Amino acid sequence: MNEEQRKQQAQINQEANFDRIKNTSSDDMISKYFQTNYEPQSPDIKKARKRRKEDVQFHYDFSIPEDVATVGKGKKFLIRTYGCQMNEHDTEVMAGILTEMGYESTSNTEDADIILLNTCAIRENAENKVFGEIGHLKPLKLEKPDLIIGVCGCMSQEESVVDRILKKHQHIDLIFGTHNIHRLPQLIKEALFGKEMIVEVWSKEGDVIENLPKVRKGKIKAWVNIMYGCDKFCTYCIVPMTRGKERSRRPEDIIQEVRHLVAQGYQEVTLLGQNVNAYGKDFEDIQYGLGDLMNDIHKIDIPRVRFTTSHPRDFDDRLIEVLAQGGNLLDHIHLPVQSGSTEILKKMNRKYSREDYLELVRKIRKAIPNATLTTDIIVGFPNETEEQFEETMTLMEEVGFEAAYTYIYSPREGTPAARKTDDVPEDVKKQRLYRLNELVNKQSAESMKKYDGQTVKVLVEGESKKDPDVLAGYTEKNKLVNFKGPKSSIGNIVEVEITEAKTWSLNGIMVENTVEVN
Ligand code: 5AD
Ligand code: SF4
């Protein structure tokens, strides 16, 4: 196609798209949308809150339907991932499915034939970013009408988000939720051959689908889902609605996946779940919790095992006893506390007090004296007083957290806390976050200083982002280390002598002949 023809084609495409995207009133769009054979399924937050007794079914027979098995041949996909590790891992699954359909991955937006936005709903600013990106993609869609743009992940589980996309962003072709990722092949088919926006979001959580293909992001560290969903219903949190009820994977499936990763040469696994400490509580036929699972994985020949994220309420003695064995079970524990005030914790429905939390920390430290603790904290929960905030500051010091992810409370529609009036001005919340972050930085810097002159074990991940002549990796306690060493050490665990401690990272030099080859 010469330049003139290309321009003409672009003009035709643009007109066709304008028909659908620009010149249709939102009422028209919605009625057109219901006229298709396709059965749309929009989210319903009330249904998503319900917890039902029915058993979760396990499916082991995933396959790509024959009629779409090659639709991706010669085409490219791009997935933008927002939010937590769960989303990152879901992206690996979607990449696996698309690859099996013949698509190839690209990082260039203009080259993509399918773009998926795997979204996060945890705070408002996460959602704003996604809406910004949805807006940016519109000109590309007008130019390339065959491009499929999909929105998935936690935001698509929200009614208000789906309504907004239906009304204002008709250039989106496909919306699907967190429970029906395995339906991606069929949904792409609908989007390719239908003219309307495809919406398939299940508000009732799905079953557990095993054997989904995955294209993992790296070859050194891997995520392994151990459970899905959350039943904790912290009053500020949207996750129990976007991810559904707690469903644990069967231990044998998890263990098989870890063994498979070992065979592929992976050095580290992180067991994933929204509240991993509730693992196994939904099993009716066996008594088997996270402690038991960690004990079984402890016996597998993989150098490093982590888990995230924990809820203090379900962190039991069995798990502490198992973790105390050490070995491949690393002694870095991420234990979100959210607030240091018992009153705020109560309002958050966290179901533990400041004292309960401190008692748990004492127990962990007694069994695992070198344990490193990190946490998540929310400041500015509705009506948080200065004294209550101060209690968070003193808890931060008392526990001696070495790092913390800190957030200003963000009201989420459909959660109980969002219905509360709030007398804390925004600038006070920002001030509190600033004060807390100063303390977090101070404690992190102090924890780093301990390593100056010490030798630490580092799993080498690759070249540092800032300097290709420097290698980067993480210690057992998850501290980032930048160091000089041979490229051949990438993918291995090496010893590094620390020469400089910074606030959030360490610099060092590799000790020669320390490569632990597995
Ligand atoms: N506002 C601010 N932070 C939140 N988190 C969860 N929900 C909200 C919210 N509505 C934080 C919690 C959680 C982390 C993943 O995100 O600290 O542990
Ligand atoms: Fe949200 Fe609380 Fe569940 Fe964590 S435990 S995902 S904060 S509801």
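Residues numbered from 1 in each chain as written. Chains lettered and ligands numbered in written order. Predicted model: local features only at pLDDT ≥ 70, side-chain atom pairs only at ≥ 80, totals over all residues. Heavy atoms only, no water.

**Q** It is not clear to me how the overall build of the chain should be interpreted in this structure. Could you clarify?
**A** Along the chain, the regular secondary structure elements total 16 helices and 21 strands. Since a compact globule built from 518 residues should have a radius of gyration of about 24 Å, the 24 Å found for the chain is in line with a globular shape. Considering only C-alpha atoms, the chain reaches an extent of 70 × 55 × 50 Å along its principal axes. By the burial criterion, 55% of the 518 residues in the chain qualify as buried. Here the chain has roughly 24000 Å² of accessible surface; of this, 47% comes from carbon and sulfur atoms. (Helix = DSSP H or I, 4+ residues; strand = E, 2+ residues; numbered from the N terminus. Rg over C-alpha atoms; globule rule 2.2 N^0.38 Å. Buried < 20%, exposed > 50% of the residue type's maximum accessible area, 1.4 Å probe, protein only. Areas by Shrake-Rupley, 256 points an atom, 1.4 Å probe, with all protein chains shown as cover.)

**Q** Help me understand the nonpolar core, please; the structure alone is not making it clear to me.
**A** Taken as a class, soluble globular proteins show a tendency for nonpolar side chains to be buried jointly. Membership of the largest hydrophobic core comes to 68 residues, with the highest contact counts inside it found for Leu 271, Leu 293, Met 294 and Phe 315. Residues within four places of Phe 315 in sequence aside, it is in contact with Asn 277, Phe 307, Ser 310, Ile 320, Leu 323, Ile 333, Leu 335, Leu 360 and Ile 364. In terms of nonpolar packing, the next biggest core, distinct from the first, is built from 32 residues, Cys 120, Ala 126, Met 197 and Ile 238 among them. (Core = buried A, V, L, I, M, F, W, Y, C linked by side-chain atoms within 4.5 Å. Contact = heavy atoms within 4.5 Å.)

**Q** I would appreciate a short explanation of the pairing of strand E12 (residues 268-272) in the present structure.
**A** Among the five residues of E12, five are classified as buried, and the element is accordingly described as predominantly covered. Every second residue of E12 is oriented toward a common face, with Glu 268, Thr 270 and Leu 272 on one face and Val 269 and Leu 271 on the other, all of them buried. Alignment of E12 against strand E13 (residues 304-308), held across five bridges, turns out to be parallel. Looking at the pairing, Leu 271 lines up with Phe 307 of E13. (Pairing = 2+ DSSP bridges.)

**Q** When you look at the sheet that holds strand E6 (residues 174-176) in this model, what are you seeing that I'm missing?
**A** Through backbone hydrogen bonds, the strands of a sheet pair up, either in parallel or in antiparallel fashion. With parallel pairing, six strands are arranged side by side in an open sheet as E3-E2-E4-E5-E6-E7. Each of the sheet's edge strands pairs with one partner strand only, and the pair in question is strand E3 (104-105) and strand E7 (198-200). Relative to the sheet, helix H4 (residues 85-100) contacts strand E2 (76-81), strand E4 (114-119), strand E5 (148-153) and E6, its axis offset from that of E2 by approximately 170 degrees. (Axes fitted to C-alpha atoms, helices over the stretch in contact; angles between N-to-C directions.)

**Q** Help me out: how do you make sense of the domain arrangement of the chain in this one?
**A** Accessible area lost during the coming together of the parts is what is often quoted as the interface size. With domains assigned, the chain is organised as domain 1 (3-207), domain 2 (208-449) and domain 3 (455-510). The gap between the C-alpha centroids of domain 2 and domain 3 is 26 Å. Listed by partner, the interface residues are 22 residues for domain 2 and 20 residues for domain 3. Taken over both partners, the interface formed by domain 2 and domain 3 buries close to 1700 Å², and the fraction arising from carbon and sulfur atoms is 58%. The largest share of the area that domain 2 buries against domain 3 comes from Ile 220, Arg 304 and Met 448, three residues that together contribute 40% of it. Across the domain 2-domain 3 interface, the total number found is three salt bridges. Note that Lys 477 is salt-bridged to Asp 331, the shortest N-O span being 3.3 Å. Among the secondary structure elements, those contributing two or more residues to the side of domain 2 that touches domain 3 are E13 and helix H16 (426-449). The element that contributes the greatest number of residues to the side of domain 2 that touches domain 3 is H16, accounting for seven residues. Partitioning the side of domain 2 that touches domain 3 into residue classes produces eight nonpolar, seven polar and seven charged. (Domains from an automatic or database assignment. Buried area = accessible area lost by both parts, 1.4 Å probe. Salt bridge = Lys/Arg side-chain N within 4 Å of Asp/Glu carboxyl O. Nonpolar A, V, L, I, M, F, W, Y, C, P; charged D, E, K, R; others polar.)

**Q** Mind showing me how you'd approach the site of ligand 1 here?
**A** Taken together, the neighbourhood of ligand 1 is formed by Ile 122, Arg 123, Tyr 236, Gln 338, Asp 376, Ile 378, Tyr 407, Ile 408, Tyr 409, Ser 410 and Arg 412. Contact between ligand 1 and Arg 123: an oxygen atom at 3.0 Å from a side-chain N or O atom of the residue. Note that an oxygen atom of ligand 1 is positioned 2.7 Å from one of the side-chain N or O atoms of Asp 376. Summarising the interface, the protein chains cover 86% of the accessible area of ligand 1, which totals 410 Å² for the free molecule. At the level of elements, strand E15 (372-379) and strand E16 (403-408) are the ones that each hand at least two residues to the shell around ligand 1. Its residues assigned to classes, the shell around ligand 1 comprises six nonpolar, two polar and three charged. (Near = heavy atom within 4 Å. Polar contact = N/O pair within 3.5 Å; in protein donor to acceptor, adjacent residues only side chain to side chain.)

**Q** What should I look at first to understand the packing of helix H14 (residues 354-367) against helix H15 (residues 386-399) in this one?
**A** At their nearest, the axes of H14 and H15 sit 11 Å apart, and the two run at 10 degrees to each other. As summarised for this structure, H14 and H15 are arranged roughly parallel, according to the angle between their axes. Along the contact surface, H14 presents Arg 354, Tyr 357, Leu 358, Val 361 and Arg 365, while H15 presents Glu 391, Thr 394, Leu 395, Glu 398 and Val 399. (Parallel < 35°, antiparallel > 145°, perpendicular 65-115°, else oblique.)

**Q** Is there a simple way to explain the sheet that holds E13 in this structure?
**A** With parallel pairing, three strands are arranged side by side in an open sheet as E9-E12-E13. Lying at the two open borders of the sheet, with one neighbouring strand each, are strand E9 (221-225) and E13. Strand-to-strand twist across the sheet, computed as the mean angle between neighbouring axes with direction ignored, equals 25 degrees. Sitting on the sheet, H4 touches E9, E12 and E13, and the angle it makes with E9 is about 95 degrees.

**Q** Help me out: how do you make sense of the packing of aromatic side chains in this one?
**A** The description of an aromatic ring pair uses the distance of the two centres, along with the angle that the planes make with each other. One pass over the full model with this rule turns up seven aromatic pairs. Between Tyr 236 and Phe 381 the ring centres are 6.5 Å apart and the planes differ by 85 degrees, which places this aromatic pair in the edge-to-face class. Of this pair, Tyr 236 sits in the loop between strand E10 (227-228) and helix H9 (239-243) while Phe 381 is found in the loop between E15 and H15, placing the two residues 145 residues apart along the sequence. Comparing Tyr 236 with Phe 381 shows no difference in burial state: the two are buried. Seen from their ring centres, Phe 307 and Phe 315 are 6.5 Å apart, and the 50 degrees between their planes marks the pair as tilted. Here the two residues Phe 307 and Phe 315 agree in accessibility, since each one is buried. (Phe/Tyr/Trp six-rings, centres within 6.5 Å; stacked < 30°, edge-to-face > 60°.)

**Q** Sorry, what's going on with the pattern of salt bridges here?
**A** Any two side chains of opposite charge can pair, so long as their charged atoms come close to each other. Enumeration over the complete set of coordinates arrives at 32 salt bridges. Across the pair Asp 173 and Lys 141 runs a salt bridge, and its minimum N-O distance is 2.9 Å. Of this pair, Asp 173 sits in the loop between helix H7 (159-168) and E6 while Lys 141 sits in helix H6 (residues 138-143), and the two are 32 residues apart along the sequence. Several salt bridges converge on common partners, so that one network encompasses Glu 210, Lys 214, Arg 216, Arg 249 and Glu 257.

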